[in-house]
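Commentary on secondary and tertiary structure
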Amino acid sequence: MRSISVYTEEIDDLETAAKDLADKISNGLELCKNTCAIMFCDIEADEQEFISEFRKYYDFPILGATSVAMLSSDVGYADIGISLLVLTADDCEFNVGITEEINFDNAEVCIRNEYDRLKSLSKYEEEKLIVTYAPVMNDFVGDDIVKCFNSISQAPLFGGMASDGFTIKDNRVFLNGESSQNRVVMLLISGNIRPVFQHEYTIINTKDVMHTVTKSDRNIVYEMEGEKFLDVLARTGVNINEEDAYLSFIGTVFETMVDVGNNEKISVMRDLNTLNIEEKSGTFLGNVAVGSKMRLCLLNKDDIYNSVKRSFVDVVEQMNAIKDYEYSTFLVSSCAGRFLLLSTEPDAETKAYADMLPKTIALAGFYSYGEICPTYIGPDSRFNVFHNKTFTMVAF
């Protein structure tokens with residue numbers, strides 16, 4: 001597989017934007033038999049018009065998501081614009097699709113139907129990687145997406161939730177000329193691909209001890225150890241009077257222990273989204289099961305910087321251990337909350353990896369409202385997980 005990451009800051013004159021990116025691709029990459037692209041763009045960009053203009057030059061499929069900001073080996077960090085990661089190979093197959101409109105009740109059926117359709121197009125017995133992006137929906141969170149894919153495929157899953165300008169209501173995903181706020185896009189990659197994964201968060205300061213969740217419903221926490229959630233939270237000294245809690249809690253994150261089976265537990269981050277002051281409950285961007293352990297932690301810029309450094313060190317070590325495969329691509333999903341915390345230095349994550357990015361690797365990424373990435377729970381075992389406030393990446 002070969003790849004190229006290209007970027008333009010132009011979002012108003014989309015004819016010019018399309019030509020700019022097409023010229024960069026033409027000058028930098030010779031296409032193979034099979035090609036597709038992953039696209040991230042500002043919410044103000046008209047992705048349908050852009051793709052229509054881009055079709056004048058290339059007709060390979062394009063899927064992607066809106067983002068509050070982007071990462072690209074073409075320019076580093078960008079807070080506005082359009083980026084394309086073009087993947088091409090003779091020995092890999094790319095099958096892309098978009099589900100019907102989904103909700104909590106029909107999600108598994110819709111995801112399975114589209115997955116089955118894509119599988120029917122493949123000459124390979126199994127896919128080696130699934131990339132997926134979804135909009136934020138009230139009754140369907142990232143954990144639900146992971147659960148659906150886990151029920152239909154053993155493949156590693158990577159991606160995230162589309163983001164916007166922190167309204168958490170304008171984000172969307174798209175495939176070719178179709179955009180949606182209640183559908184899921186997916187890319188199945190089969191053939192000669194050897195993906196390796198890494199996810200990192202670094203928490204130095206904790207503001208609380210671990211509490212056991214004793215009453216919850218999916219992503220809503222009502223009680224911890226028999227006490228109302230907000231009563232427990234109030235003792236940490238944080239503000240519990242703002243119902244829209246995402247921005248109020250941007251410098252904090254909840255560490256949660258998740259059971260992944262076989263007596264294995266892993267630590268994941270959970271972002272608080274809203275508070276119900278009357279019920280004294282909290283709604284998170286990911287599910288929190290009864291019996292989970294949870295504590296409030298503080299996040300700072302050094303934590304973010306160090307987690308990116310560690311991710312790149314670890315993923316490059318994994319790549320170097322595989323001698324019979326040549327890596328060409330890094331795909332990144334990082335948390336929009338991390339980006340917001342870096343407001344005075346928004347390019348801190350790109351600075352953290354700038355001197356470690358191999359010159360032969362194309363990198364593209366976005367800032368999401370939830371990251372999807374496998375975690376290793378043994379030398380030969382991994383488990384697909386939905387994360388918050390985490391830097392995640394896959395190399396292939």
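Criteria and cut-off values
- Residue positions are given per chain, counted from 1 along the sequence in the order it is written.
- Residue-level local features of this predicted model are given only where pLDDT is at least 70; pairs of side-chain atoms are given and counted only at 80 or more, and the full residue set underlies all totals for whole chains, interfaces and linings.
- With hydrogens and water stripped out, all remaining heavy atoms of the structure feed into the side-chain values.
- One requirement defines pairing of two strands: DSSP has to find at least two bridges between them.
- Only runs of H or I of at least four residues qualify as helices and only runs of E of at least two qualify as strands under DSSP, and these elements are numbered from the N terminus.
- Note on method: axes are straight lines fitted to C-alpha atoms, helices fitted across the in-contact stretch only, with angles between N-to-C directions ranging 0 to 180 degrees.
- Contacts are residue-level and defined by heavy atoms, with any inter-residue pair within 4.5 Å sufficient.
- Residues adjacent in sequence count toward polar contacts only when both atoms are side-chain atoms; beyond that, a polar contact is any pair of N or O atoms within 3.5 Å, and within protein one must be able to donate a hydrogen and the other to accept it.
- Working definition: with a 1.4 Å probe on protein chains only, accessible area under 20% of the residue-type maximum means buried, over 50% means exposed, and in between means partly exposed.

Our next topic: the sheet that holds strand β11 (residues 178-180). One open sheet accounts for six strands, arranged β1-β6-β2-β3-β10-β11; its pairing is mixed. Two strands close off the open sheet at either side, each with one partner strand: β1 (2-8) and β11. Adjacent strand axes in the sheet meet at a mean angle of 15 degrees when their direction is disregarded. Here strand β3 (residues 62-66) pairs with strand β10 (residues 173-175) via three bridges, running antiparallel. Paired with Gly64 across the strands is Phe174, a residue of β10. The sheet strands contacting helix α1 (residues 14-28) are β1 and β6 (82-89), and the helix crosses β1 at an angle near 150 degrees. Contacting β2 (34-41), β3, β6, β10 and β11, helix α2 (residues 47-54) runs over the sheet at an angle of about 145 degrees to β2.

This brings us to the side chain of Gln318. By secondary structure assignment, the location of Gln318 is in helix α7 (residues 301-320). At 2.9 Å, the side chain of Gln318 forms a polar contact with the backbone oxygen of Phe197. Excluding its chain neighbours within four sequence positions, the residues that come into contact with Gln318 are Val196, Phe197, Gln198 and Tyr376.

Here we take up the side chain of Thr212. Tracing the chain through its elements places Thr212 in strand β15 (residues 211-217). In this structure Thr212 comes out as buried when scored by relative accessible area, which is 19%. In this structure the side chain of Thr212 is engaged in a polar contact, spanning 2.7 Å, whose partner is the side chain of Lys293. Look past the residues within four positions of Thr212 in its chain and what remains in contact with it is Glu223, Met224, Glu225, Gly291, Ser292 and Lys293.

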